[in-house]
Amino acid sequence: HEQNGLKALHAQFLHVLQHNGIQPVQSVGKTFDPHVHECMLQSNNPAEKDNQVVEELQKGYLFHGRVLRPAKVKVNVHKQQGQPMETRSLEARHD
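Residues numbered from 1 in each chain as written. Predicted model: local features only at pLDDT ≥ 70, side-chain atom pairs only at ≥ 80, totals over all residues. Heavy atoms only, no water.

Student: Which residues make up the environment of arginine 66, and what values go with them?
Tutor: Following the sequence through the fold, arginine 66 ends up in strand 5 (residues 66–69). Residues arginine 66 and glycine 21, spaced 45 residues apart in sequence, show a C-alpha to C-alpha distance of 9.9 Å. (Helix = DSSP H or I, 4+ residues; strand = E, 2+ residues; numbered from the N terminus.)

If you want it as structure tokens, here you go:
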């Protein structure tokens, strides 16, 4: 019963946030967007799309469409010949 009460409270809290203009940033499965995502980790999985968010480490939020807190994410990056993954990530963030 306590579990159901917490779920109901959580759902009500999310509804209040949404009613006041706060929306969660959509991350997993989306293309990395440096405006709303902060890349904390990278993977190099050829089975996943390049520059795709594969894991959300911390939820991000928008307030009336403006970033309140960026989502901290893990991004799949296909390593390019002769270029370290770290360099590529920094270049993507400055676009």
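Student: Now, about the sheet that holds strand 4 (residues 61–63): what can you tell me, with residues and values included?
Tutor: Adjacent strands of a sheet form backbone hydrogen bonds with each other and so pair up, either parallel or antiparallel. Strand order in the open sheet made by the three strands is 1-4-5, with antiparallel pairing throughout. Two strands lie at the open edges of the sheet, namely strand 1 (22–24) and strand 5, each paired on one side alone. Neighbour-to-neighbour, the strand axes of this sheet turn through a mean angle of 35°, independent of strand direction. In this sheet, strand 5 lies alongside strand 4 in antiparallel orientation, the contact comprising three bridges. For phenylalanine 63, the partnering residue across the bridge sits in strand 5 and is arginine 66. (Pairing = 2+ DSSP bridges. Axes fitted to C-alpha atoms, helices over the stretch in contact; angles between N-to-C directions.)

Student: Residue-level account of the pairing of strand 6 (residues 71–76), with values.
Tutor: Within a regular strand, the side chains alternate between the two sheet faces. Summarising the sheet, strand 2 (residues 37–43) and strand 6 pair through six bridges and their orientation is parallel. Paired with leucine 41 across the two strands is lysine 74, which belongs to strand 6. When strand 3 (residues 52–58) meets strand 6, the two strands line up antiparallel, connected through five bridges. Counterpart to glutamine 58 in the pairing with strand 6 is lysine 72.

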